Structure formats: C-alpha cells, structure tokens
2 protein chains.
Amino acid sequence: MKKNLTVAVDAMSGDKGTGVIVEAVRQVLSQRPDATLLLVGDPQEINRHIGDKPLPEGRAQIVEASEVVTMEDTVAIALRNKKKSSMRIAIDQVKSGRAAACVSSGNTSALMAVSKFVLKTVPGIDRPAISTTIPALNGHTHMLDLGANVDCSAEHLFQFAAMGSILAEAIDAKAHPSVGLLNIGSEDIKGNVQVKDAAALLADSNLNYIGFVEGNEIYTERADVVVCDGFVGNVSLKTSEGVAHMVSHYLKEEFMRTPVNKLIGLLAKPVLRSFGNRIDPRRYNGASLLGLKGVVIKSHGGADALAFANAINIALLEIDNDVPSMITERMSQSVSSIA
Amino acid sequence: MKKNLTVAVDAMSGDKGTGVIVEAVRQVLSQRPDATLLLVGDPQEINRHIGDKPLPEGRAQIVEASEVVTMEDTVAIALRNKKKSSMRIAIDQVKSGRAAACVSSGNTSALMAVSKFVLKTVPGIDRPAISTTIPALNGHTHMLDLGANVDCSAEHLFQFAAMGSILAEAIDAKAHPSVGLLNIGSEDIKGNVQVKDAAALLADSNLNYIGFVEGNEIYTERADVVVCDGFVGNVSLKTSEGVAHMVSHYLKEEFMRTPVNKLIGLLAKPVLRSFGNRIDPRRYNGASLLGLKGVVIKSHGGADALAFANAINIALLEIDNDVPSMITERMSQSVSSIA
C-alpha cells in the first residue's frame, strides 16, 4: 500500500505569522517531491503570502479554517469554543485520514489537549508525552517528557520510556536503543519515589534500560533515550537554551572587545559560522506528541521558515517510519505479555 | 568585636587528593592576609604536600583526623562510624567556634547530614538547602536548592526563597533582591501544586517576589534568586554543565577541522582563552549549605587548586557578610511576625 505522505500544517498559529509557514512549505515541497502539504487557515491570508509564486500544483492545498487558537487561550476555550480553528482543523485532517500528520506552532497545552481529544491515545498509554531530539557529543538523544505532564507516576515514566525506545528504534534504525532515567545521581538510593519505582519497572522490562543518567549526560549520548517527568524535562530543555544563548553571547562579546579581536573575528567568521550552525536551535525545532493515534508535531512559537520546515520534516520522518503504528503494535504486545 | 576569619578545610576528601587542597590553601593565604586556615586530615599526608615550602606561620594549622568519608559511604556510615573523619572534624571546628566556616569536597549527602547533625539548622528552617552562584548575561543568579531536598513542600520552597534572598542581600549588597520561582511557564495555571502553593506564600510575604521564571531565564538574571526543589535544581545545574561542555567541544572541533582553521585558531587563541575563562566552571566552584548555624561550603569533588581556592573564598565571603547570623535574625523576625 502506498503511504500517505500528506502533512496538515497549521498556517495561522505561531508568533511570526503565515508568511514564514508558506515559506517553510515551499522549502519542504522542493526538498520532498513525494510529500503533499495542506495549509490550514484563512485562504485569503495564505494566498496573500503565496503571492505570485504559486506552490506546486496539487501538492499544496488550502484547507479553510476561520478561527485561531491564541497563546492566551485556555485549553477549555481551544477545545469547546474554537472548533473551526486552524489547529483543530489541522488535527481533524489526521483523524479523517486525509493527512498522516499535522504540525502547529500554537499553544502547547491546547495542541496537546485537542490532539488527545480528537485523535485519542494509543491503548496502553495513559498520557501522551512531548519528545524532542537533543544534540549530543557523539550523536543525539531523544528526551521526554518535555512539559505535557508535570506530575508523573512510575507507570507514566515507564510508558514514556517504552515510547521513546520505539521512537529511537524507528527513526534512528537502532535495535534496542538504550534508555536512561534522568536522576540526580547514579546510585540506587538517589532520587524521588517515582523515579526509584520507575527504575524497578524498567529493570524488569524488555527495554534496554541502562540505569540513571544525570543532567550533563543528556549531552554525552550516554543513553539513546532519556526519560523524565514534564516539569524536570521542560526546565532542563529551557536551561539548555539559556546556557547556549549566554555562551554564544560571551563568544561574540570577546570577538568584539578590541579592534584586534574584531579583525581576528573577521578572519574567524567562517569557522564561527560553522560553529553557530551546529548549535543553531532551529535545526532541532519540532517536538513530537507521542502516544497519539497519529503524528502531531509542535513547532516552537517563534520558529522562522527554516525552523518550521524542520518541524515538517520531522513529521515526514515519523510517517516514513510508521511511528504511531509501531507504538500501537508494541504497546498491545506489552499489554498482552503482562496479561 | 574582631571577626573570626578562620576556615576549616577538609584536606582528605575530593578526587584529586590533598596536594590540590594544600595548593589552594597557599593561594588563599597569599590573597587574604587576614584569614587563618585549618587543614584537617592526616598530618603526615598534609606535611608531605607542604614539603619544603612552609605555609605562613600561625595562619595555617594542621588539625589531625584519622578517617576519611569516601564517595561511596552512606550517610549512616558517615554519621555513626566516622566520627574521626576529616569531614566531621572540620565541621566540629565550626561547632566549637574555633573556625567560622568549613569547606569540603566530600560526598554531598554525607556533608549535609553531618553538618545538620553537628551544627543544627537555624530556627524556622526545616531543611538546609544547597545554593550556588550561576553566571548570567548581566551578572549572576543565586539558585537553590541544588540537590539536598528531592521532594519539597510549598513551605520548604518558601524557606529556600527567604534564605536565598538574605544570601543575595548579604553577598551582593543589594536591597530587596528579586526572587523568582522556577516553573515551566509564566502563567498562573502552570506548574505543580507545590510550586503554585509556594507562589501564593511568596506573593503574601515581604520578599521581592517577581513570579515564575523559566529555565532559560536563570541565565538572563531576570531574578537575583531562583528557587526550585533539589531534583529540578540538580538536573538544571548538571544540564548546564553538559551544554557548556558540548558547546566548548564543538568550538574546539571547528577550529581544528582544517589546516586553515587551525591557523585562524592560533591567531584567535587569546580571544578564545579569554572566552574560556568566562565560562570556566572552576570560577563558580563552591556551593553553600544554607540554613545551618555556621558556614559550610561544598566544593566539587573534582576541584583543582584554583577551584578549591574559590570555594574557600566563598566561605570567607559568607563570614565577611555574616550570612548565618543574618539568616538566624531574619527567620526569627519572620517567625515572630507570623505568630
């Protein structure tokens, strides 16, 4: 059966407007001749940004949506009062099977709640989790949860581990990816009750559980998958952004300090640019809402075209690798093996 | 009354041995002619490292200790079975009043437990917290707790906020330092119950509470003091170390990639060195165990002489600024104002 490589794109959410999303769609369509993208939103606004450079015939379609979920909207408003929002209709495209994935830069809580309501979770998963790929010294790490679930039981952490493992296996084509639990020390006695209990569940499972990992080890790729609750994951991810930003700022300051430094900075420009590209957060934009019956990717609210295109490419990668059906299949196996 | 500027130094703990500690003592004694340091440990080992370059007469004294708390020792062993350890005897010097502070590179859990047992906490403080100074874009931030308390109630977070505020006021000579609660969003609805309840306590207090701060804002000095539970704080701090290490590694790699890049790297060496100094973690070595009746500073286990000297200097800074007595005084005021 031919795979449905259609992604519904919420063209109205995000801080930078519809223009960057149209631009991202243009980039992806030129890179991926097999993909079809649905632009969901106000047709007039979308067409204004398409302007006189039409998108490839048939591979880009506009789907009308008359409302927008704002960053201030509560989950209740997004769910009950905005059934014609670009976010909701983009998710509806996945539900109906017209699209295999959707991507939105909108309000994370609303995106999670509406996705869960419309698409439902995979049997065996209580709560979807947010996962992203994090650069590490020798490759990358998949980390979850990044903020969907502030309080997690050991069972929830275990489910996140199972999903993360499947994601890493599917996307990195790695058999038995290693899974670590984020903790504040490597000894058994460290950590809170949830983490200790999750460790026992993981040690008893068929996952490749390698034990506790500490915050610094996220960036050394000690484990292919790092599992934590959403509070800790969100703080860790945002801390990383803060440090990377400060370090880049310091580096710029040093190269601007004196006229001689400026001259050296000019000479070093290609080296510094290549360094800058490696730590460019846009390259890592796009977090997966895992555990849903369908692919949903959350893009950073401030994403530009390059960053948003990256999020669409992650959606395509998850479709290519059948991530939701792999999660469904494995979770049903593990449920039946427990029963 | 003349201030007692004596610091007891645990000369036996830490991964790098007594040599780096003797070297650190030498550095501090030459920088601070008013300070006296007690080297606590095996006299033979300490004297071997002093060698034929004697330390300033009278300002460096050896205090014998026949045992060492290892990194593997449990809290119970450190407390009950190692009463003659260098760690315990260093803390005893503070208890007896011979020293005003102690510094150790040993096992954090043991140092916290023994300090709490020997020195006791200040009235009004249930649990001591670990605080450190973190570099930020325009200055620095005090952050606590960094791992002493994995599960914290709202009241504990409130006490950490009070102590952090006093520390910032004492050390930075800043009236009404701003205090933020680490959370995963700035809206009131975000976060777990403990954080939300702590926010209510802080909003009602006379602290300069500015609301929630996110992980990235630790590094922008949005708040003078950032408060969180020890699990989150420890992960955040170690994540920062991991990111800084990876970023430095990437930068080095880029300057080594081609012969031309190497040449540019050679030219840029002074600029890169000055950058490296700014993010050198040794400059931030030394975390305060706050809330005890005395100054206790935890140095990183892998500290070298420069890093350990920094930790001793933090001890002297806290003595200079009367941190423990300020905490005692303020906590008694706030208790009586509540009563």
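Thresholds, definitions, all that
Residues numbered from 1 in each chain as written. Chains lettered and ligands numbered in written order. Predicted model: local features only at pLDDT ≥ 70, side-chain atom pairs only at ≥ 80, totals over all residues. Pairing = 2+ DSSP bridges. Helix = DSSP H or I, 4+ residues; strand = E, 2+ residues; numbered from the N terminus. Axes fitted to C-alpha atoms, helices over the stretch in contact; angles between N-to-C directions. Expected span 1.5 Å × (residues − 1). Buried ≥ 20, exposed ≤ 12 C-beta atoms within 10 Å, placed from the backbone. Contact = placed C-beta atoms within 7 Å. Domains from an automatic or database assignment. Nonpolar A, V, L, I, M, F, W, Y, C, P; charged D, E, K, R; others polar. Core = buried A, V, L, I, M, F, W, Y, C linked by C-beta atoms within 7 Å. Least-squares fit on C-alpha atoms with pLDDT ≥ 70 in both. Left-handed = near helix turned anticlockwise from the far one by under 90°.

Engineer: Help me understand the sheet that holds strand S10 (residues 287–290) of chain B in this model?
Structural biologist: In a beta sheet, neighbouring strands pair by backbone hydrogen bonds and run either parallel or antiparallel. All names here are of chain B. With respect to topology, eleven strands assemble into an open sheet ordered S3-S2-S1-S4-S11-S10-S5-S6-S9-S7-S8, the strand pairing being mixed. Strands at the two margins of the open sheet, each flanked by one partner only, are strand S3 (60–64) and strand S8 (208–213). For this sheet, the mean inter-axis angle between neighbouring strands, taken without regard to orientation, is 25°. Alignment of strand S7 (residues 178–182) against S8, held across five bridges, turns out to be parallel.

Engineer: Where do I start with helix H1 (residues 18–31) of chain A in this structure?
Structural biologist: Since the α-helix packs 3.6 residues into each turn, any two residues three or four apart lie on the same face. Residue and element names in this part refer to chain A. Across its 14 residues, H1 extends 20 Å between first and last C-alpha, which sits within 8% of the 20 Å expected from 1.5 Å per residue. Inspection of H1 places Thr18, Val20, Ile21, Val22, Ala24, Val25 and Val28 among the buried residues, and these make up the whole buried set. Buried positions along H1 lie against strand S1 (6–10), strand S2 (36–41), helix H2 (43–50), strand S3 (60–64) and helix H11 (305–320).

Engineer: What is the right way to read the domain arrangement of chain A from this model?
Structural biologist: Where interface size is given, it is often the accessible area lost as the parts come together that is meant. Residues and elements named next belong to chain A. According to the domain assignment, chain A consists of domain 1 (1–125 + 291–323) and domain 2 (126–284). Of note, the centres of domain 1 and domain 2, computed from C-alpha atoms alone, are 25 Å apart. The partner domain 2 presents 14 residues to the 16 residues of domain 1 that form the contact. At the level of secondary structure, the elements contributing two or more residues to the side of domain 1 that touches domain 2 comprise helix H5 (108–119) and H11. If you tally residues by element for the side of domain 1 that touches domain 2, the top one is H11, at four residues. Along the lines of polarity and charge, the residues of the side of domain 1 that touches domain 2 split into seven nonpolar, five polar and four charged.

Engineer: What exactly am I supposed to notice about the nonpolar core here?
Structural biologist: Looking at soluble globular proteins, one finds that nonpolar side chains tend to be buried together. Counting 229 residues, the largest nonpolar core has Val7 and Val9 of chain A together with Val7 and Val9 of chain B as its most contacted members. Contact partners of Val9 of chain B, with chain neighbours within four places excluded, come to Ile21, Val25, Leu37, Leu38, Leu39, Val40, Ala90, Val103 and Ile312 of chain B.

Engineer: When you look at the relation of the copies chain B and chain A in this model, what are you seeing that I'm missing?
Structural biologist: Mapping between the two copies of the chain is achieved by a rotation about an axis and a shift along the axis. Turning chain B through 180° and shifting it by 0.0 Å along the axis lays it on chain A, with an RMSD of 0.0 Å. Considering both components of the superposition, the chain copies are consistent with a two-fold axis. In this assembly, 100% of the residues forming the interface of chain B have copies in chain A that are likewise at the interface, indicating an isologous arrangement.

Engineer: Can you help me understand the sheet that holds strand S8 (residues 208–213) of chain A in this one?
Structural biologist: Residues and elements named next belong to chain A. Across the sheet, which stays open at both edges, the eleven strands sit in the order S3-S2-S1-S4-S11-S10-S5-S6-S9-S7-S8 with mixed pairing between neighbours. Lying at the two open borders of the sheet, with one neighbouring strand each, are S3 and S8. The average angle at which neighbouring strand axes cross in this sheet is 25°, direction not considered. In the sheet, S2 pairs with S3 via five bridges, with the strands oriented parallel. What sits directly across from Leu37, in S3, is Ala60.

Engineer: Where do I start with the interface of chain B and chain A in this structure?
Structural biologist: In this assembly, 45 residues from chain B lie in contact with 45 residues from chain A. When contributions to the side of chain B that touches chain A are tallied by element, the ones reaching two or more residues are helix H8 (230–256), helix H9 (259–267) and helix H10 (269–278) of chain B. Counting residues per element, the side of chain B that touches chain A draws most heavily on H8 of chain B, which supplies 21 residues. Broken down by class, the residue content of the side of chain B that touches chain A amounts to 23 nonpolar, 15 polar and seven charged.

Engineer: Can you help me understand the environment of Ala99 of chain B in this one?
Structural biologist: Residue and element names in this part refer to chain B. Along the chain, Ala99 turns up in the loop between helix H4 (86–96) and strand S4 (101–104). Counting along the chain gives 38 residues from Ala99 to Leu137, while the straight-line C-alpha distance between them is 35 Å. In this view, Ala99 contacts Thr6, Val7, Ala8, Leu38, Gln93 and Val94; residues no more than four positions away in its chain are not counted.

Engineer: Help me understand the packing of H4 of chain B against helix H5 (residues 108–119) of chain B in this model?
Structural biologist: Between two packed helices, the angle of one axis relative to the other and the distance separating the axes together describe the packing. Residue and element names in this part refer to chain B. In the contact formed by H4 and H5, the axes pass within 10 Å of each other and the chain directions differ by 35°. Once H4 is placed against H5, the crossing between them reads as right-handed. From H4, Met87, Arg88, Ile91, Asp92, Val94 and Lys95 reach across to H5, where they touch Ala110, Leu111, Val114, Ser115, Val118 and Leu119. For the contact of H4 with H5, the per-class residue count stands at eight nonpolar, one polar and three charged.

Engineer: Could you clarify how one ought to interpret the environment of Ala315 of chain B in this entry?
Structural biologist: Residue and element names in this part refer to chain B. Along the chain, Ala315 turns up in helix H11 (residues 305–320). Here the alpha-carbon distance between Ala315 and Gly286, two residues 29 residues apart in the chain, equals 8.3 Å. For Ala315, the contacting residues outside a window of four places in its chain are Val7, Ala101, Val103, Val295 and Ile297.

Engineer: Is there a simple way to explain the pairing of strand S11 (residues 295–298) of chain B in this structure?
Structural biologist: Residue and element names in this part refer to chain B. Taking every second residue as pointing to the same face, both faces of S11 are buried, with Val295 and Ile297 on one and Val296 and Lys298 on the other. Of the strand pairs in this sheet, S4 and S11 are connected by four bridges, and their pairing is parallel. Its bridge partner being in S11, Val103 is matched across the sheet by Ile297. Both S10 and S11 contribute to a ladder of two bridges, which runs antiparallel. Along S11, the bridge assignment pairs Ser288 with Ile297. Counting the residues that bridge the hairpin from S10 to S11 gives four residues, and of these Gly291 lies at a positive phi of roughly 105°.

Engineer: Would you mind showing me how to read H5 of chain B here?
Structural biologist: Residue and element names in this part refer to chain B. For H5, which comprises twelve residues, the first-to-last C-alpha distance of 16 Å matches the rise-based estimate of 16 Å (1.5 Å per residue) to within 8%. Within H5, nine of the twelve residues are buried, which leaves it mostly tucked inside the rest of the structure. Burial in H5 covers these residues: Thr108, Ala110, Leu111, Met112, Val114, Ser115, Lys116, Val118 and Leu119. Those residues of H5 that are buried are in contact with helix H3 (75–81), H4, S4, S10 and S11. Downstream of H5 by a residue or two, Lys120 has a phi angle that is positive, lying close to 70°.

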